[in-house]
Amino acid sequence: MPFRFVHTADIHLDSPLRSLALRNAELAELIGDASRQALTAIIDLCLDEQVDALIIAGDLYDGDQTSMKTARFLAGQLEKLHQAGIRTYLIKGNHDALSKIAKELVLPDTVKIFGGNAEAIEITAGSLPVALHGLSFAKPHAPETLLPRYRPPVLDAVNIGIMHTSLAGSVGHDAYAPCNVIDLHASGFDYWALGHIHQRTHHAGKSTVIMPGMPQGRDINEAGPKSVSIVTVADDRTITVEERLTSIAQFQRVEVDLTDVVEWRDAAGAIETALAAERERTASAHLVARLRLTGQTPLAWQVRRDLDLMLAEAEQRGDRIGKTWIEKLELAIDTPQSAPDGLAANPVVELGALMREEVTNRSGFRDEVRDMVRELLSDLPAECRDFAGRDEAAFERFVDSLLAEGSIDIAARMMAAERGGN
């Protein structure tokens, strides 16, 4: 009889909203509840598939939460597995180490939480001996590798290691219990159930090494469908891994080209077409889109001036498509070099062009903006810094965009004031 389990990590249960625009109460409610729905989907998957175990490789919680509502919800879900005879094995990640709930919550007897000293739990699935190895974070930071602290593989057993680690490093993630994938493959373990990095990865090699990613994204930097793994260890000890969707809401960046679009209605139509196409590709129940309008269009000034109206148009189109939400509207549009109706000759337009040239080329001003952005980034957690670029070249491009877009926005507001006075 095979040994089957679901492997997940980084649920961040009841994680507070970070970058989501809270002006949309319905969207905030959807995303605020999404981590609970994802956990429910994981529990239902375990029950439907009648697996032997659920493995959670860290960050079940999200920091120093104290709400007993979270505790009661979690206990109720794990009780369902307990009643079905499905065991739960979990380790504490860096976020769990901060959680007061993790210290106080009483869970069913079938839930095994590995402590700060490495353990190996030996069980039997049919005629298949299995050893589950785990080690929890005792503190929020683990700057050194934990791999040498794991016990050696149990002889003749299928050895499954559960570890929360940043591996060799990942953009947007601080270093936590770093280790080399090569060393995991050389460990003698059959399967490594990893956690911490929010993007799903299968590291091929002698062992089966899976970073499942998180089961539900929380913002645009955690875009795409999210899932868990169903792992089957056959009687001959071969291992197969199936990916199963769990995300309720799926964040996606959607680009809309408005090149040569001259009518407001046509711009709104282009947004609807792009949203409908992305909705068709979206596997999750809800699409949460960050729209980016690009291209050269005579509408650039009007869109910048009436951004709130264009956002309302986009939200209306999302409602029409169904289960399609607008998280944010970004602009990367400009007026054509030769604008119609004498727009290019407008003194406000000319002033805007001069401002754009001045702020882009004056090094002192650019240095000030660069320093302001770096100061802001230093105050943000690592996972929130990607918006300013993932390397130095991308960071400089981000500064360029701030300078250019800022001057265009100022000119657009002056244009609106000029028209309002006519």
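In case you missed it, the structure is sitting above this.
These figures come from a predicted structure and were not determined experimentally. (Residues numbered from 1 in each chain as written. Predicted model: local features only at pLDDT ≥ 70, side-chain atom pairs only at ≥ 80, totals over all residues. Heavy atoms only, no water.)

A.B. asks: Describe the nonpolar core, naming the residues involved and giving the relevant values.
C.D. replies: What tends to happen in soluble globular proteins is that the nonpolar side chains get buried as a cluster. Counting residues in hydrophobic clusters, the biggest one holds 26 residues, and the most contacted among them are V6, L54 and L74. Those elements giving two or more residues to this core turn out to be α1 (25-49), β2 (53-57), α2 (68-83) and β11 (227-233). The dominant element in this core, judged by the number of residues it contributes, is α2, at 6 residues. Not counting the four nearest positions on each side in its chain, L74 is found in contact with L13, L39, L60, Y61 and L105. Residues V261, L275, V303 and I326 belong to the second largest nonpolar core, which totals 23 residues. (Core = buried A, V, L, I, M, F, W, Y, C linked by side-chain atoms within 4.5 Å. Buried < 20%, exposed > 50% of the residue type's maximum accessible area, 1.4 Å probe, protein only. Helix = DSSP H or I, 4+ residues; strand = E, 2+ residues; numbered from the N terminus. Contact = heavy atoms within 4.5 Å.)

A.B. asks: Residues and numbers for the sheet that holds β11, please.
C.D. replies: In space, the 6 strands of this open sheet follow the order β4-β3-β2-β1-β11-β12, with mixed pairing throughout. The strands lining the two open edges of the sheet, one partner per strand, are β4 (111-113) and β12 (239-245). On average, each strand axis in the sheet is inclined to that of its neighbour by 20°, with strand direction left out of account. (Pairing = 2+ DSSP bridges. Axes fitted to C-alpha atoms, helices over the stretch in contact; angles between N-to-C directions.)

A.B. asks: Pulling in residues and values, what's your account of the packing of aromatic side chains?
C.D. replies: Each aromatic ring pair is specified by the distance between its two centres and by the angle formed by the two planes. One pass over the structure, following the stated rule, counts 4 aromatic pairs. Geometrically, the ring pair formed by F3 and F5 is tilted, given 5.6 Å between the ring centres and 40° between the ring planes. Here the two residues F3 and F5 agree in accessibility, since each one is buried. Considering the side-chain rings of F5 and Y191, the 5.4 Å spacing of their centres and the 85° angle between planes classify their relative orientation as edge-to-face. Here Y191 lies in strand β8 (residues 191-195) and F5 lies in strand β1 (residues 3-8), a separation of 186 residues in the sequence. For F5, a relative accessible area of 0% translates into the label buried. Taken together, F3, F5 and Y191 form an aromatic cluster joined through their ring pairs. In this structure, K112 packs its charged tip against the face of F114, placed 5.6 Å from the ring centre. (Phe/Tyr/Trp six-rings, centres within 6.5 Å; stacked < 30°, edge-to-face > 60°. Lys NZ or Arg CZ within 6 Å of the ring centre and 35° of its normal.)

A.B. asks: Account for the sheet that holds strand β13 (residues 249-257), naming residues and giving values.
C.D. replies: The strand order β13-β14-β15 describes an open sheet built from 3 strands, whose pairing is parallel. Edge positions in the open sheet fall to β13 and β15 (324-334), since each of these has one partner strand only. Here the strands of the sheet are splayed against their neighbours by 15° on average, with no regard to which way each runs. The pairing of β13 with strand β14 (residues 286-296) spans 9 bridges and is parallel. If you follow E255 over to β14, its bridge partner there is R292. Contacts from helix α5 (residues 264-281) reach β13, β14 and β15 within the one sheet, and its direction differs from that of β14 by about 140°. This element, helix α7 (residues 307-321), spans β14 and β15 of the sheet and lies at about 140° to β15.

A.B. asks: Would you mind going over the packing of α1 against α2 in detail, with residue names and values included?
C.D. replies: The interhelical angle for the contact between α1 and α2, taken along N-to-C directions, is 10°, at an axis separation of 9 Å. On the basis of the axis angle, α1 is roughly parallel to α2. Counting all contacts with α1, which are made through R36, L39, T40, I43, C46 and L47, the residues of α2 involved are K69, T70, F73, L74, Q77, L78, K80 and L81. Across the contact of α1 with α2, the residue classes tally to 8 nonpolar, 3 polar and 3 charged. (Parallel < 35°, antiparallel > 145°, perpendicular 65-115°, else oblique. Nonpolar A, V, L, I, M, F, W, Y, C, P; charged D, E, K, R; others polar.)

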